[in-house]
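Close look at the chain arrangement
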Amino acid sequence: MLGDMYLQKFVDETTLYNDITWLRNYLAATLIYFVSGFLWCFYIYYWKRNVYVHTDNIPTTKAMLLQIYVAMKAMPFYCALPTLSEFMIENGWTKCFSTISEVGWFTYILYSVSYFVLVEFAIYWMHKGMHDIKPLYKYLHATHHTYNNRIPVSFSLVSLAFHPIDGLLEAAPHVMVLFFIPTHFRTHIGLIFLEAIWTANTHDCIHAKIWPIMGAGYHTIHHTTYRHNYGHYTKWMDWMLGTLRHPDEDANDKLK
């Protein structure tokens, strides 16, 4: 068990908002969702109109509001996750450390890479399980895939339109890994909120061909086949386990 003086470091970092942790997380997550969603939609549907999405496929205002409604219903539950993780960190239940200087930059990078790899592994299996275990798909994950038949699957605001439990389960690896990998406190919090930006990116129409990133082109295939590209930030897990489908391969099949 870590000493009280050491654990106080984590409490000191959050002194100003410790009493309103959930509210602070809720406001931050909501701001990230709307700002990133607005910027993506403005760029894709208005500034670059007809470049990434044909005018006929641009979502209607009603469709946008529907997705925002679903996302905002789940947002209070999403924000419980970083609130819980901060509580566990401050009480010494995890392997978190307060400052990089405690371990040095080399060790920090080593821990961060380990964190990243374990999260990639866990999210892949969590996502795939949501599809393979039929009750989980029917009662949880189907909420996210409902929009396939209503609007273009590239619409970025669908990024957080999940059933609350589904959203929590797929983000849970960020918290579970804290019990196995020593993790820098602020890095952990930053990565959780980066999820909101990343999920918006994977649901837009801009497929950046940057190896080994699992970009929007790959995730769009996931929304159309339901059997490929379950991965998170990278395509490593899909490549290793045979579920990877490349956007170019998909395009060639459609031409046949």
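Note that the structure is predicted; figures quoted are calculated from it, not measured. (Residues numbered from 1 in each chain as written. Predicted model: local features only at pLDDT ≥ 70, side-chain atom pairs only at ≥ 80, totals over all residues. Heavy atoms only, no water.)

**Observations regarding the overall build of the chain**
Tallying secondary structure elements over the chain gives 12 helices and zero strands in all. The order of α-helices and β-strands along the chain, N terminus first, is α-α-α-α-α-α-α-α-α-α-α-α. Residues classed as buried in the chain amount to 50% of the 256 residues present. Nonlocal contacts in the chain, meaning residues at least 24 apart in sequence, comprise 72% of its contacts between residues at least 6 apart. In the structure as shown, the chain presents an accessible area of about 13500 Å², 68% of it carried by carbon and sulfur atoms. (Helix = DSSP H or I, 4+ residues; strand = E, 2+ residues; numbered from the N terminus. Buried < 20%, exposed > 50% of the residue type's maximum accessible area, 1.4 Å probe, protein only. Contact = heavy atoms within 4.5 Å. Areas by Shrake-Rupley, 256 points an atom, 1.4 Å probe, with all protein chains shown as cover.)

**As for unusual backbone geometry**
Going from tryptophan 211 to proline 212, the amide bond is cis rather than trans, its omega being 0°. If you trace the backbone, proline 212 turns up in the loop between helix 9 (185-202) and helix 10 (216-225). Within the chain, tyrosine 226 stands out as a residue other than glycine whose phi angle is a positive 70°. One can find tyrosine 226 in the loop between helix 10 and helix 11 (236-241). With relative accessibility at 30%, the residue tyrosine 226 sits in the partly exposed group. Here the phi dihedral of asparagine 229 falls at roughly 55°; this positive angle occurs in a residue that is not glycine.

**Some remarks on the pattern of salt bridges**
Enumeration according to the criterion identifies two salt bridges in this entry. Of the charged contacts, one joins arginine 24 and glutamate 86 as a salt bridge, the two residues approaching to 2.8 Å between their closest N and O atoms. In this pair, arginine 24 is assigned in helix 2 (residues 21-47) and glutamate 86 in helix 4 (residues 80-90), connecting sequence segments 62 residues apart. Under the relative-accessibility criterion, glutamate 86 is labelled buried at 2%. Across the pair lysine 128 and aspartate 132 runs a salt bridge whose closest N-O atoms are separated by 2.6 Å. (Salt bridge = Lys/Arg side-chain N within 4 Å of Asp/Glu carboxyl O.)

**A closer look at helix 10**
Burial within helix 10 is extensive, with eight of its 10 residues counted as buried. Buried within helix 10 we find Ala216, Gly217, Tyr218, His219, Ile221, His222, His223 and Thr225. Tyrosine 226, located one to two residues past helix 10, shows a positive phi value of around 70°.

**Side note on the UniProt feature "transmembrane region" (unreviewed entry) in the chain**
UniProt marks residues 26-46, 66-85 and 105-126 with the feature "transmembrane region" (unreviewed entry), using the numbering shown here. Split by type, residues 66-85 is 95% helix and 0% strand. Its first and last C-alpha atoms lie 30 Å apart. As annotated, residues 105-126 comprises 100% helix and 0% strand, and the C-alpha atoms at either end are separated by 31 Å. (UniProt positions renumbered as here; feature names shortened; annotations may be inferred.)

**Comments concerning the packing of helix 2 against helix 4**
Relative orientation of the contacting elements helix 2 and helix 4 amounts to 140°, with a least axis distance of 8 Å. The angle between helix 2 and helix 4 falls in the class oblique. Between helix 2 and helix 4 lies a crossing whose hand is right-handed. Of the residues in helix 4, those touching helix 2 at Thr21, Trp22, Arg24 and Asn25 are Ala80, Pro82, Thr83 and Glu86. (Axes fitted to C-alpha atoms, helices over the stretch in contact; angles between N-to-C directions. Parallel < 35°, antiparallel > 145°, perpendicular 65-115°, else oblique. Left-handed = near helix turned anticlockwise from the far one by under 90°.)

**Overview of the environment of threonine 107**
Tracing the chain through its elements places threonine 107 in helix 5 (residues 105-132). The class for threonine 107 is partly exposed, based on a relative accessible area of 24%. As a C-alpha pair, threonine 107 and proline 182 span 75 residues in sequence and 9.7 Å in three-dimensional space.

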